[in-house]
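Each chain, letter by letter, is given below.
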Amino acid sequence: MTPFSHPEFDGHEEIAFCNDTESGLKAIIAIHNTNRGPALGGCRMWPYESDDEALTDALRLSRGMTYKSALAGLDMGGGKSVIIGDAKTMKSEALFRAMGRFVDSLGGRYSIAEDVGISVADVQTMAQETEFVAGTPERGAGDPSPSTAYGVYMGIRAAVAQRLNRASVSGITVAVQGLGSVGWNLCKYLADDGAKLIVTDIDQVAVARAVKSFGAVAVAPDAIYGVEADVFAPCALGAVINDETLKVLQTPIVAGSSNNQLAEPRHGTELHKRGILYAPDYVINAGGVINISHEGPAYDQERAFAHVAKIHDTLTEIFKRSAASGVPTFQAADRLAEERFQRVSLASSAA
Ligand SMILES: NC(=O)c1ccc[n+]([C@@H]2O[C@H](COP(=O)([O-])OP(=O)(O)OC[C@H]3O[C@@H](n4cnc5c(N)ncnc54)[C@H](O)[C@@H]3O)[C@@H](O)[C@H]2O)c1
């Protein structure tokens, strides 16, 4: 394991390792960039096959948080942590308290939240040892899914305006893949605004509920990629834009909440070549982290959601830059993010 020459190192500011023999905690905290403010990012618990695999995940994910926070307009940097271990068998109070002390040892340069394998309850245990936690009910913001869904709804509106020259989603058909926490709330926003819905899920109860509640048309999980619609909104899985789905995809817009929608960057380039407008995943799904950034004793949902709504303008800027430069939207988003967090860096070094 060679941190500085690691292929994903990318100028990380700090990488901290913890080996707590008493609790069995083996963890890594990676802080990519704090030019915009202290780092915020979730904690993943996963049975990594090697230390190197754990480090790779921490480095990639923390870099991603720098870009996400910059485009979400947050005064926060990018960080992420990983606990090496099986979330099904290795959780204990001692382990999470040790993780809390590890986070605390960084003095606020990194705040921790839940992610894959880590529940709100686990973060609450960590909070017994550190104040640098986010996303727990005590802090006011609560479940991030409704705000994520609201951000996706605003992002779809921006995409529809750009690609279809339509001022609203009324009369637009949206194919929603996944009717979980985000997908369900997204359907509500869209249906309330007059959109027609085509839906799928592997959970048939959720599908039946959507048909009843929103007058949605249901299709089988594999059929969603090829339906005739204006927008494909992936809200279930990653890597859904791939060689196979591109053979059947016919919507002019792809805009949904799933993380890592492009199986590979070349699939984003392919969407661009075909004139399919792609709303970069980490921009359109930032509503949850924006909402969390407002938490605290003075949490005000109206203010937080007004901030989430700005995803519309950020995406519009990305779409316009992409159209003007001929660069695919996912690359235009990265360039804009870099301007935002690197510009802060230049300003602070000149001061
Ligand atoms: N919850 C948030 O605030 C948030 C924030 C950012 C990104 N995301 C991403 O958005 C996506 C959805 O998140 P969520 O919190 O709603 O998750 P969730 O687990 O509540 O919902 C996912 C839904 O997808 C369905 N599903 C699984 N496999 C499927 C398949 N093959 N075809 C159709 N449906 C399938 C599940 O049955 C479930 O109903 C995830 O990729 C998540 O990483 C969520």
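For the structure given in this document, a descriptive report is provided here. Everything numeric here is computed off the predicted structure, so don't read it as measured data.

Right, let's talk about the packing of aromatic side chains for a bit. On inspection of all chains with the given rule, the structure shows eight aromatic pairs. With a centroid separation of 5.4 Å and 15° between ring planes, the pair formed by Tyr153 and Tyr189 is classed as stacked. With Tyr153 in helix H4 (residues 145–164) and Tyr189 in helix H5 (residues 181–192), the pair connects residues that are 36 residues apart, well separated along the chain. The exposure class of Tyr153 is buried, given its relative accessible area of 7%. Relative accessible area serves as the criterion here: at 26%, Tyr189 is assigned to the partly exposed category. By way of ring pairs, the aromatic residues Tyr150, Tyr153, Tyr189 and Phe305 are connected into one cluster.

What follows covers the pairing of strand S1 (residues 14–20). In the sheet, S1 pairs with strand S2 (residues 25–33) via seven bridges, with the strands oriented antiparallel. Residue pairing across strands places Glu14 opposite Ile31, the latter belonging to S2. Linkage of S1 to S2, two consecutive antiparallel strands, is achieved through a turn of four residues, within which Gly24 is found at a positive phi near 85°.

With respect to spatial proximity, 18 residues lie near the ligand, and among them Thr148, Ser181, Val182, Asp201 and Ser257 are the closest. Contact distances for the ligand include 3.0 Å between an oxygen atom and a backbone N or O atom of Ser181. The contact in question runs from an oxygen atom of the ligand to an N or O atom on the side chain of Asp201, over 2.7 Å. Calculation on the ligand without its partners gives an accessible area of 830 Å², and the protein chains cover 70% of this total. Taken together, the elements giving at least two residues each to the shell around the ligand come down to H4 and H5. Classifying every residue of the shell around the ligand gives eight nonpolar, nine polar and one charged.

Moving on, we get to helix H8 (residues 265–273). Inspection of H8 places His267, Gly268 and Leu271 among the buried residues, and these make up the whole buried set. Along the long axis of H8, the arc covered by the buried residues comes to 105°, so they all point the same way. Exposed and oriented more than 90 degrees from the buried face of H8 are Pro265 and Lys273. Trailing H8 by a residue or two, Gly275 shows a phi angle of about 75°, which is positive.

What counts, and at which threshold
Residues numbered from 1 in each chain as written. Predicted model: local features only at pLDDT ≥ 70, side-chain atom pairs only at ≥ 80, totals over all residues. Heavy atoms only, no water. Phe/Tyr/Trp six-rings, centres within 6.5 Å; stacked < 30°, edge-to-face > 60°. Helix = DSSP H or I, 4+ residues; strand = E, 2+ residues; numbered from the N terminus. Buried < 20%, exposed > 50% of the residue type's maximum accessible area, 1.4 Å probe, protein only. Pairing = 2+ DSSP bridges. Near = heavy atom within 4 Å. Polar contact = N/O pair within 3.5 Å; in protein donor to acceptor, adjacent residues only side chain to side chain. Areas by Shrake-Rupley, 256 points an atom, 1.4 Å probe, with all protein chains shown as cover. Nonpolar A, V, L, I, M, F, W, Y, C, P; charged D, E, K, R; others polar. Arc of directions from axis to C-beta.

Fair warning: the whole summary comes from geometry, so function is off the table for now.
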